[in-house]
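Here is how the chains run, residue by residue.
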Amino acid sequence: MGLRRVVALLLTGTLVALFTVVGAAASTPPAGTVTVPSSAGGTAMDNWTGTIPPGINPTSDCTPPSPSTPDSHFIQINVPAGTYQTVNASFAFSISWNPGTPTEDTADEILTVLAPDGSEVGSSDTASTTETVNATNLPAGKYTVLACGFNNELPQDYSGKLVVKTTSASSESSLPSADARGLKFSAAVPADVQRDEAEPLMETGKDGRIYTCGPTGFSNISDYAQVSTDGGDQFHMLGTPPRGQQGAGGGGDCGIALGVNKNIENNYQYAYTGLGPLTGFVTSTSEDNGHRLATGGPFGNGVTDKGGGADRQWMTFTSAKDVLLIYNQQEPRNVVVQKSSDGGLTYSPLSAVAAHDPDFPGPIRYDQQHHLAYFGWSRGDHVNLSVSRDGGTSWFNCRAATAPASPAGFVTVDNDSAGNIYMAYGEKAKYHTYMTELTADRVSKCDQKVDQDPTSTEQPTVNPGFSPPVQVDRNGVRTTVFPWIAAGATPGRVAVAFYGTESDGNPNLGSFKASWDVYVNQSLNALSSARTFSQVKATTHPFHYDSICLNGLGCDLSVPPGDRSLADFFAIDYNQADKKLSVVFDRGNKKPDEASGHVATPMVTTQIAGPTNGGTSLTAPASRAVVRTFSADPTKDALARYSFILPEPPERFPPTENEPGGDFTSVAVGPQVNLNTGQPVANGGFTVTMKLSSLSDASLTQAMTGTDSQSLLWVFHFVNGYQASAASARYNPAQGFTFGYNNYTTGSAPCQSSLAGNGDKCVLFPGDTPIQGKVDRATGTIRLSVPRILLKGLSGGTGPDQRPSQVPATNGTRFYDATAFSMGNPVSPTQDVQSFLYPLDNTPAMDFLLGSGG
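In this text the structure is predicted, and so the values were computed from the model without any measurement.

Q: I'd like a rundown of the overall build of the chain, residues and numbers included.
A: Of regular secondary structure, the chain possesses three helices and 61 strands. Since a compact globule built from 854 residues should have a radius of gyration of about 29 Å, the 27 Å found for the chain is in line with a globular shape. The principal-axis extent of the C-alpha atoms belonging to the chain is close to 85 × 60 × 55 Å. For the chain, restricting intrachain contacts to residue pairs at least 6 apart in sequence, the fraction spanning at least 24 positions comes to 66%. When the accessible surface of the chain is split by element, carbon and sulfur atoms take 53% of a total near 28000 Å². Treating the 54 positive side-chain charges of the chain as one cloud and the 77 negative ones as another, the clouds have centres 7 Å apart.

Q: Could you give an account of the sheet that holds strand 32 (residues 448-449), naming the residues involved and the relevant values?
A: Pairing is antiparallel in the open sheet, where five strands are placed in the order 25-26-27-28-32. Every interior strand has two partners, whereas the edge strands, strand 25 (360-367) and strand 32, have only one. Pairing of strand 25 with strand 26 (residues 372-379) involves six bridges; the strand directions are antiparallel. Its bridge partner lying in strand 26, Tyr-366 is registered against Ala-373.

Q: An account of helix 3 (residues 697-706) is needed here, citing residue identities and associated values.
A: Working note: α-helix, 3.6 residues per turn, so residues spaced by three or four point in the same direction. Those residues of helix 3 not exposed but buried are Ser-699, Leu-700, Ala-703, Met-704 and Gly-706. Seen end-on, helix 3 carries its buried residues on one side only, within an arc spanning 170°. Within helix 3, the exposed residues directed more than 90 degrees away from the buried face are Ala-698 and Thr-705. At its buried positions, helix 3 is contacted by strand 44 (639-640), strand 49 (711-720), strand 50 (723-732), strand 51 (736-742) and strand 60 (838-842). A positive backbone phi angle near 50° is found at Asp-708, which sits one or two residues after helix 3.

Q: How would you sum up the nonpolar core? Please name residues and give values.
A: By size, the foremost hydrophobic cluster in this structure holds 95 residues, and its most contacted members are Tyr-270, Phe-375, Trp-395, Tyr-499, Val-520, Ile-572 and Phe-585. For this core, the element with the highest residue contribution is strand 22 (residues 323-330), accounting for five residues. If you look at the next biggest cluster of nonpolar residues, it comprises 34 residues, including Val-669, Ile-771, Ala-818 and Phe-848.

Q: So what's going on with the state of the cysteines? Which residues, and what values?
A: Summed over the entire model, instances satisfying the criterion amount to five disulfides. Linked covalently through their sulfurs, Cys-398 and Cys-446 form a disulfide whose S-S length is 2.2 Å. Looking down the S-S bond of the Cys-398 and Cys-446 bridge, the torsion is -95°, so its handedness is left-handed. Of the two residues, Cys-398 is situated in strand 28 (residues 396-402) and Cys-446 in the loop between strand 31 (433-438) and strand 32; the sequence distance between them amounts to 48 residues. Take Cys-398 and Cys-446: they sit in the same class, and that class is buried. Between Cys-751 and Cys-762 runs a disulfide, and the two sulfur atoms are separated by 2.5 Å. Torsion about the S-S bond of the Cys-751 and Cys-762 cystine: about 100°, corresponding to right-handed handedness. A residue pair is termed long-range when its members are at least 10 positions apart, and Cys-751 in the loop between strand 52 (746-747) and strand 53 (762-763) and Cys-762 in strand 53 qualify at 11 residues. Each of the two residues, Cys-751 as well as Cys-762, counts as buried. Each disulfide in the chain links cysteines that, numbered along the sequence, combine into the pattern 1-2, 3-4, 5-6, 7-8, 9-10.

Conventions adopted
Residues numbered from 1 in each chain as written. Predicted model: local features only at pLDDT ≥ 70, side-chain atom pairs only at ≥ 80, totals over all residues. Heavy atoms only, no water. Helix = DSSP H or I, 4+ residues; strand = E, 2+ residues; numbered from the N terminus. Rg over C-alpha atoms; globule rule 2.2 N^0.38 Å. Contact = heavy atoms within 4.5 Å. Areas by Shrake-Rupley, 256 points an atom, 1.4 Å probe, with all protein chains shown as cover. Lys, Arg positive; Asp, Glu negative; His and termini not counted. Charge placed at Lys NZ, Arg CZ, Asp CG, Glu CD. Pairing = 2+ DSSP bridges. Buried < 20%, exposed > 50% of the residue type's maximum accessible area, 1.4 Å probe, protein only. Arc of directions from axis to C-beta. Core = buried A, V, L, I, M, F, W, Y, C linked by side-chain atoms within 4.5 Å. Disulfide = S-S within 2.5 Å.

Printed below as a string of structure tokens:
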């Protein structure tokens, strides 16, 4: 999360969107007028000066509840009729100031721009002496430009400017995509079907294990993480069950990393850091793939030792046990480095400054073959690279590119086996995604040594030979956010994932209408001057609708508010073991026109066909077609006590064991039948058949004992129209088996039954609508009959400004991301009371059609 995201999580209360700026000083002149040129190549400008009053403002925004009094300037923007049919107009609002002397005087300012209706166009709060807000094709009206102090001890004079430039609308025609050569991804499986996990991070070990992790907010003081040992079909929860915390703290940002060499236990070490409320990090490490976690203690005593706070950390191993941790120190604002030699449990004092005065640093990587640690970062519209050739002791900077506007989200980097470095970034002018690369022979020219004086604001000036940036998004995609890049073994092969939509405009605004998908664009010739990108949807249906806001706290101030429920990023990674790409992203079950998403469920989709980044090609077997009616599942993977925090008494956490009562062998769907008569139901829904290793009394008792549970659940979870639904079977010794269905249901505080109060901190499965169910305990079979009246479909386009409609299901309606889960309920024998459920097993995800199957 960026700082503004962190501040937003700390604030409480209601934010008003329409307001009058009280006590604001006026600029000189107090107002101006700009008319957008009606032809391409035109420029229009407004200039003013003003004085920013003293003030301290942790909200990074000049609108209420900002405690700082702003200086204001009004601009009437005129747009001649028909202008935007022939031209595109870029708007750059900026303020600049000179802090002057004495040098100890503080002058750190904020720029906020408001639209005529009071909604926020954007806000900028960096550590520079220039702040800029960019926008595209603004409508006519009177705009308010506010300048206030983030940390302003004395009145500060400034100069303001608006520059409007026009280009031909035809120049924004879409770029064609290359042949995808069969690149295809699976249906998406929840890495955790219940817990709230924003901005999910993914790291894949050399052994093929896939780890995901994400924060759930300071109010819940937790990050959640999972590991897949089967290539992304199933994920096991990390941390002591049933909640799954890895340490007594975190919740702000989650960082994970994996050893590059095997440790003494012949595993790749796992390390975690969780950000507390700008105070430091809780840490944990595991020598055995997350089974046993040693933790560094509660947040507040973390590893930050200098500077005024910590924000957005990233980690990388440089050996079996050595870890580099970088984070965005707030005051003075630098990317700083600390080191661990014990697998990420404890860290040395601050050892280096890796970059000065950044907006935000991106994830740190390590090229083991060339002994190079590196990360990308942005400063204004400059995209930069920092490298270290001595294990993080000394650092060098260089310039990679100049973006059309400030990057939207983090700059991400990766390298191939030859040491070529690839960089992806977005931008806030037209919301495209770009890639540039630096060939291995030029990496040594990234050699501007970073001044270790922490008060320095020195910026990189030399480009060592990065290629000209190329636009990654193709075809009808017009707006993208959150790009993430993954290279691999073969030079020139790279994949970039982003959230994309065919709607064109500013996704920060609450009025933005869109259907969003996850795209993966792959280049097989990324080192060529004529490099190309294919483009495929990795999601089989829109995972999100309308706004995805990048404006931090300002998202809450637009009318209607912009949606920040997806936080700040998602990730793609390449698996060296099976040669596949996997993507983890958040699905918040948001419906069109809702103010925001709900629980951020981490979803994982994995490559099943097409070219690999490793130089090979995959062919999907029929058994793994995306649309199907049957999924087989391996046995002995319903694992209780997979992970726990040390030290724990052995009797509380005996060795990990399989629970046959939760161990799926398959799941299948077919047309609905009456389970009492065995006859088909005319115009029916579907029947799902879940098979398990055993449903004997002994197996059910063992599963409840192994999960410290009072009851068990077997849930068939699928996307039903806009949101996920669930059909479930439940068991407790007193009542035996019962059966139910529920639409999307969430709990709160941080994970309680919906009967205890509404909220969006976890997903619940009350099964409060009775349905037919039948159990054959001798064969380990559970059948659930779901009537058509409960089922919904999507109809209509997802093109520019389009959202599909939700309609009653008919034969052929497609349901998405269907997965069966087995879980324990530790708090209640009945499902009207739930807290954190104890996950055991799940089947591979699939889409299916109503009326299909046997």
